[in-house]
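# Topology and contacts: notes
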Amino acid sequence: MKSLLLTALALTLTSPAFSAATTPAPRAPLREYDILRAFPPGRLAALSAGDVPDAKGLTGSNRAHGSWVESGPQRGSCRAVITAVVAGDLAAADNAWRGIDVAFSHQRADGGFESKPQANGKISSAFAANVETAYFFLQELGRALLVIQESPHAAHFKDRIAALTPKVRLAAAYINSGYDTIIPKVGHSVNRVIIAAKAFGTCGVFLGDEQLVAQSKKLIAHAITLRDKEGVFIENGGRDSSYNVVSILFGSVLALHVPLPEFEAVLPAAVAWQITRVLPTGEVDVKGNTRTGVGKEPDAWGKAKTVNYKEVVLALTLYGLIHQDQAALAAGERVFSYSEKHKLTTK
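Attention in this report is confined to the structure presented alongside it. Within every chain, residues take consecutive numbers counted from 1 along the sequence as written. Local features in this predicted model are restricted to residues whose pLDDT is 70 or higher, and side-chain atom pairs enter the listing and the counts only when it is 80 or higher, whereas totals over whole chains, interfaces and linings include all residues. Side-chain measures were taken over the full set of non-hydrogen atoms in the model, leaving aside hydrogen atoms and water.

### Some thoughts on the overall build of the protein chain
Heads up, the rule is: Secondary structure counts use DSSP, requiring at least four H or I residues in a row for a helix and at least two E residues in a row for a strand, with both numbered from the N terminus. What the globule rule says is 2.2 Å times the number of residues to the power 0.38, and the radius of gyration is computed from C-alpha atoms. Classification of residues uses two cut-offs on accessible area relative to the type maximum, computed with a 1.4 Å probe and protein chains only: under 20% is buried, over 50% is exposed, and between them is partly exposed. Contacts are residue-level and defined by heavy atoms, with any inter-residue pair within 4.5 Å sufficient. For the area figures, the Shrake-Rupley method with a 1.4 Å probe applies, and any residue is considered shielded solely by the protein chains shown.
Helices and strands together make up the secondary structure of the protein chain, namely 15 helices and zero strands. The C-alpha radius of gyration of the protein chain comes to 19 Å, within 12% of the 20 Å expected for a compact globule of 347 residues. The principal-axis extents of the C-alpha atoms in the protein chain amount to approximately 55 × 45 × 40 Å. Going through the 347 residues of the protein chain one by one, you find that 55% of them count as buried. For the protein chain, the share of sequence-separated contacts (at least 6 apart) that also reach a separation of at least 24 residues comes to 72%. Total accessible area on the protein chain is roughly 14,200 Å²; 58% of this is exposed by carbon and sulfur atoms.

### Some remarks on helix α8 (residues 154-177)
Defined as follows: To estimate the expected span of a helix, count its residues, drop one, and scale the result by 1.5 Å. In this analysis the local bend is the angle between axes fitted, respectively, to the seven residues ending at and the seven residues starting at the residue.
Taking 1.5 Å of rise per residue, the 24 residues of α8 would be expected to cover 34 Å, yet its terminal C-alpha atoms sit only 30 Å apart, more than 12% below that figure. Along its length, α8 shows its largest kink, about 45°, at Arg-160. On its buried face, α8 is in contact with α5 (75-87), α6 (90-105), α7 (127-150), α9 (179-186), α10 (190-207) and α11 (210-224).

### Re the nonpolar core
As a reminder of what qualifies: Only buried residues count toward a nonpolar core, which is a set of Ala, Val, Leu, Ile, Met, Phe, Trp, Tyr and Cys residues joined through side-chain atoms within 4.5 Å.
With 104 residues, the main nonpolar core has Trp-97, Tyr-135, Leu-141, Val-168, Ile-175 and Phe-233 as its most contacted residues. Ranked by residues supplied to this core, first place goes to α7 with twelve residues. Discounting residues that sit within four places of it in the chain, Trp-97 has contacts with Val-81, Leu-145, Ile-148, Phe-157, Arg-160, Ile-161 and Leu-164.

### A few points about the side chain of Ser-115
Rules: Distance and chemistry together define a polar contact, namely a pair of N or O atoms within 3.5 Å, with one atom able to donate a hydrogen and the other to accept it when in protein, and with adjacent residues in sequence counting only for side-chain atoms on both sides.
When you line up the elements, Ser-115 lands in the loop between α6 and α7. Engagement of the side chain of Ser-115 in a polar contact is seen with the backbone oxygen of Ser-124, the distance being 3.0 Å. Side-chain polar atoms of Ser-115 contact the side chain of Asn-130, separated by 3.0 Å. When near neighbours in sequence (up to four residues on either side) are disregarded, Ser-115 contacts Trp-68, Val-69, Glu-70, Ile-123, Ser-124, Ser-125, Asn-130 and Thr-133.

### Thoughts on the packing of aromatic side chains
Definition in use: Pairs were defined over the aromatic rings of Phe, Tyr and Trp, the Trp ring being its six-membered one, requiring ring centres within 6.5 Å. Orientation was assigned from the angle between planes: stacked under 30 degrees, edge-to-face over 60, tilted for the rest.
All told, the structure shown has nine aromatic pairs when counted by the stated rule. For the ring pair Phe-104 and Phe-113, a centre distance of 5.6 Å and an interplane angle of 65° mean the geometry is edge-to-face. Look at Phe-104 and you get buried, because its relative accessible area is 8%. Relative to Phe-136, the ring of Tyr-135 lies with its centre 5.8 Å away and its plane at 20°, an arrangement referred to as stacked.

### Topic: unusual backbone geometry
For Asn-236, which is not glycine, the phi torsion reads 55° and is therefore positive. Of note, Asn-236 is situated in the loop between α11 and α12 (243-255). Even without being glycine, Gln-324 reaches a positive phi, approximately 55°. Relative to the helices and strands, Gln-324 is located in the loop between α14 (309-323) and α15 (326-341). Relative accessible area serves as the criterion here: at 25%, Gln-324 is assigned to the partly exposed category.

Structure below.
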């Protein structure tokens, strides 16, 4: 049975009164579990289909490499856990949890995680890089743990979460020891500043550690300064229709767990620009991008980075549901249809 929150969401989303141009009023507290339950049927599962760990428990680029490379790519298993918990499929959640166990099997005594060379020879062994790949993993792990706690299935995970908590605390302490490296390393890429903030914030809430939450808020305060005069998040000195949406998505998720009214106040401008980059076909326009879709930045295999359609759909859908924005929801629907047709959400 849908909760009263979901019923209210459904009623509000059918109202023509909302648009991207509407500045949202301060919203009532919402739970991410309920927002994800309000996603269009089948959408979350479709977007997370590629997150299920392989036979070795590997996800993301670790799976693509065929062996352990670093901790960050294991965040996919956390997303798969979330999707399964939201669907009430505990067998699938248990299967996805293998990726979390694999990640912690590579945890070092200092709380960080082992790193091996990528296909391009790069390795995240230097301290700043190792902190970065760790917070990429922790930002989805902390989120998964909080969504589980919000769900009716918390008891199913009680024992394993209790066993995991000291390891999470050690990992959070590790990234906190590298806090001063974050902005110098990734300040040119605001989405990564926000990803770091999400790691500190979600793990801080899970652990009941106010100092970690305070670190999260400091990073978000800095991220707010990394916008151009029209409010678009800056990536490598300009605008990027893939990475702007990453900032929207990860910041929006964090704001469901850590109150961030100042951050949410700047989102409408970034979202409004993002919607202008969605063509009538649902394709995301890459004209003028500083990082993706225009051959300016290679991935670990030397291929040019493309738009991450999954995150565009997730961001527009999540924002639309949280802020009752019909324009964002409609744009998300177009992007989802286009990406499914062209099999872009499986990447």
